[in-house]
Amino acid sequence: MPTIDDFIRPSEWVSDFVSDLGKVLRKWGEERYVPIRQQVDEDWREHKLIEPMMKEVLVDLGINAAFFPAEAGGTDMPEPMAVANVICEELARIDSGLCTACICSVWGLMPMLLKPHRNMELCVELGPKFCGEELYVGCHAMTEPASGADIENIGRMQGKTIQTTATLEGGDWVINGHKIWPTNSGKVGDLYVVVCTTKKGSTDPNDFALVLVPADAEGVSVGNPYQKCGMSADMNTDIWFDHVRVPKRYRLHGPGDDLKYWKRAISIGNIASAAMCVGIMKSAYEIIKKWTTERVIAGKPLKEHSMVAEMLSEVAILIESASAWMWCYTRDLDHPEISGWDPWDERFVLKTRGLALYANNAVERACSRAMDFMGSYGYAREFDIEKHWRDQKVIGLWMGGKGLKTLENARYWYDLETL
């Protein structure tokens, strides 16, 4: 009988080592996380349950170290997008909030971690923390109160609305500004990768800056966690930077290159978001498959009714189509020798927006349809469909939301001039 492992994951594009990593994460999730999964929603403020789970994933299972070079103590995983996809699929199947917290620990560092543009000085400095035996968590601080998704809308806004500033004074960057909603902000994050400008209102790519700020640096303060509809394992707060001084070397690359390589991180974020959607849909598939097999209506299993079979088919089609599209773009990003584009090419940002949008709509549809046919049981916490239904919604809201994803995808395919 088919299982979630029969949905598309091309073996020629995903090494046995990466697939084995996925099996380890799945086994860990089912044994360690599922028993407490329903308690996590009540742990949104303190993270007493969540942080030990993050430690097991990031430290004990090596996810923090996966993208660091061997010289810095990491495992230097090849084909980083394929690795990120498998991590996101397997963790999101268990809890997409935990998945978000774990993958975002290293997401902001991608511009300096990945070949061929590694900042080895910073990799070696940070390696003992991220690849050590204690929990050390990263946070990518992008969004701001006044401009929201404008920061992600780099193709049109070109950074001119960024209000968080980085001013060079002697041998230090001085950071001032206010960020909202970053994953792993609050008490969770130990190191922030902060999107800044070196000149307010500038559209010059050289003024876009990515600067590291330790969470315990003088002048850093954070707000209380937001209580959200879902994704309780992902802590989000406000962060304020008040004349925070960090060494000059804490800029990830430098003028022009920070923006250039950040575009690769955005493409990774788009594809990883799709992988999370696929993971959630695979869980929904398992839940609704079991439910419609065991539930008997009018003398036969629920799945044997034609109207229900139509829904089951739709859920499977959504998973299969989103998976196929996701893995095609993954191969292109991981293999520039095949695609002909550099991984930081802005065209990847625009194209992968379409994938993220499709996957966002697919997971929303799959969870809703499954809930429809479970009736009140689907709405009950016991069966976890309602958790996935709540959690998945924010995937369509982050990184610019569905509006920006739609516009940017159209910009690529139709050469839009004014939008």
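Presented here is a report on the structure given in the accompanying data block. (Residues numbered from 1 in each chain as written. Predicted model: local features only at pLDDT ≥ 70, side-chain atom pairs only at ≥ 80, totals over all residues. Heavy atoms only, no water.)

1. Examining the overall build of the protein
Step number 1: Secondary structure summary: the protein contains 14 helices and 9 strands in total.
Step number 2: Against the compact-globule benchmark of 22 Å for 419 residues, the protein has a radius of gyration of 21 Å, which places it among compact chains.
Step number 3: Counting all 419 residues of the protein, 58% fall into the buried class.
Step number 4: When contacts within the protein are restricted to residue pairs at least 6 apart in sequence, long-range pairs at least 24 apart make up 75% of them.
Step number 5: Accessible area of the protein: about 16,800 Å², with a carbon and sulfur share of 53%. (Helix = DSSP H or I, 4+ residues; strand = E, 2+ residues; numbered from the N terminus. Rg over C-alpha atoms; globule rule 2.2 N^0.38 Å. Buried < 20%, exposed > 50% of the residue type's maximum accessible area, 1.4 Å probe, protein only. Contact = heavy atoms within 4.5 Å. Areas by Shrake-Rupley, 256 points an atom, 1.4 Å probe, with all protein chains shown as cover.)

2. Notes on helix H1 (residues 16–33)
Step number 1: Taking 1.5 Å per residue, 18 residues should reach 26 Å; H1 reaches 24 Å between its end C-alpha atoms and fits that length.
Step number 2: For H1, the full list of buried residues reads Val18, Ser19, Leu21, Gly22, Leu25, Arg26, Trp28, Gly29 and Tyr33.
Step number 3: Structurally, H1 contributes buried residues whose contacts are with helix H2 (37–40), helix H3 (50–60) and helix H4 (80–107). (Expected span 1.5 Å × (residues − 1).)

3. Comments concerning the nonpolar core
Step number 1: Counting residues in each nonpolar core, the largest one holds 130 residues, and the members touching the most others are Phe67, Leu109, Val213 and Trp262.
Step number 2: Looking at this core element by element, the count peaks at 19 residues for helix H8 (residues 257–294).
Step number 3: Sequence-distant contacts of valine 213, defined by excluding residues within four places in its chain, comprise Ile175, Leu191, Tyr192, Val194, Val220, Phe241, Val244 and Val246. (Core = buried A, V, L, I, M, F, W, Y, C linked by side-chain atoms within 4.5 Å.)

4. Details of the packing of H1 against H3
Step number 1: Running from N to C, H1 and H3 point in directions that differ by 160°, and their axes come no closer than 12 Å. Taken together, the axes of H1 and H3 lie roughly antiparallel to each other. At the point where H1 passes H3, the crossing takes the right-handed sense. Every residue of H3 that contacts H1 at Trp28, Arg32 and Tyr33 is listed here: Met53, Glu56 and Val57.
Step number 2: By residue class, the composition of the contact of H1 with H3 is 4 nonpolar, no polar and 2 charged. (Axes fitted to C-alpha atoms, helices over the stretch in contact; angles between N-to-C directions. Parallel < 35°, antiparallel > 145°, perpendicular 65-115°, else oblique. Left-handed = near helix turned anticlockwise from the far one by under 90°. Nonpolar A, V, L, I, M, F, W, Y, C, P; charged D, E, K, R; others polar.)

5. Side note on the pairing of strand S1 (residues 138–141)
Step number 1: On S1, burial covers both faces: Gly138 and His140 on one face and Cys139 and Ala141 on the other are all buried.
Step number 2: Sheet topology note: the S1/strand S4 (residues 191–197) ladder contains 4 bridges and is parallel. Counted as the bridge partner of glycine 138 is leucine 191 from S4. (Pairing = 2+ DSSP bridges.)

6. Things to note about H8
Step number 1: Spanning 38 residues, H8 covers 56 Å between terminal C-alpha atoms, matching the ideal 56 Å at 1.5 Å per step.
Step number 2: Among the 38 residues that make up H8, 31 are buried, leaving the element largely enclosed by the rest of the structure.

7. Thoughts on the packing of helix H11 (residues 346–374) against helix H14 (residues 401–414)
Step number 1: Running from amino to carboxyl end, H11 crosses H14 at an angle of 135°, the nearest separation of the two axes being 8 Å. In terms of orientation, H11 and H14 fall into the oblique class. Judged by the sense of rotation from one axis to the other, the crossing of H11 with H14 is left-handed. Residues Arg347, Val349, Leu350, Lys351, Arg353, Gly354, Ala356, Leu357, Asn360, Asn361 and Glu364 of H11 pack against Lys402, Leu404, Lys405, Thr406, Glu408, Asn409, Arg411, Tyr412 and Trp413 of H14.
Step number 2: Here the residues of the contact of H11 with H14 are counted per class, giving 7 nonpolar, 5 polar and 8 charged.

8. A short note on the state of the cysteines
Disulfides are covalent bonds that connect the sulfur atoms of two cysteines.
Step number 1: Applying the stated criterion across every chain yields a total of 0 disulfides.
Step number 2: The thiol sulfur of cysteine 88 is not disulfide-bonded, and the nearest other cysteine sulfur, from cysteine 99, lies at 3.9 Å.
Step number 3: Accessibility expressed as a relative area gives 0% for cysteine 88, which makes it buried.
Step number 4: Cysteine cysteine 139 is unpaired, with the sulfur of cysteine 104 as its nearest cysteine sulfur at 8.3 Å.
Step number 5: Judged by relative accessible area, which is 2%, cysteine 139 ranks as buried. (Disulfide = S-S within 2.5 Å.)

9. Looking at the pattern of salt bridges
Once their charged atoms are close, side chains differing in charge can pair, the charge on each being opposite to the other.
Step number 1: Here the structure, examined in full by the defined rule, presents 38 salt bridges.
Step number 2: Residues lysine 282 and glutamate 89 are paired through a salt bridge, measuring 2.7 Å at the closest nitrogen-oxygen approach. Separated by 193 residues along the polypeptide, lysine 282 in helix H8 and glutamate 89 in helix H4 bring together distant segments of the chain.
Step number 3: The class for glutamate 89 is buried, based on a relative accessible area of 2%.
Step number 4: For aspartate 391, the salt bridge identified is with lysine 387, shortest N-O distance 3.0 Å. Of this pair, aspartate 391 and lysine 387 both sit in helix H13 (residues 385–392), 4 residues apart, which is roughly one turn of that helix. Like aspartate 391, the residue lysine 387 is buried in the burial classification. (Salt bridge = Lys/Arg side-chain N within 4 Å of Asp/Glu carboxyl O.)

10. Points about the packing of aromatic side chains
Given two aromatic rings, one states the distance between the centres and the angle between the planes to describe the pair.
Step number 1: Counting across every chain of the model gives 17 aromatic pairs.
Step number 2: The interplanar angle of 40° and the centroid separation of 6.2 Å between the aromatic rings of tryptophan 28 and tyrosine 33 together place this pair among those described as tilted.
Step number 3: Accessibility expressed as a relative area gives 0% for tyrosine 33, which makes it buried.
Step number 4: For the ring pair tyrosine 192 and phenylalanine 241, a centre distance of 6.1 Å and an interplane angle of 85° mean the geometry is edge-to-face. Linking tyrosine 192 in strand S4 with phenylalanine 241 in strand S7 (residues 236–247), this pair joins segments that are 49 residues apart in sequence.
Step number 5: For tyrosine 192, a relative accessible area of 1% corresponds to the buried category.
Step number 6: Members of the aromatic cluster, joined through ring pairs, are Trp341, Phe348, Tyr412 and Trp413. (Phe/Tyr/Trp six-rings, centres within 6.5 Å; stacked < 30°, edge-to-face > 60°.)

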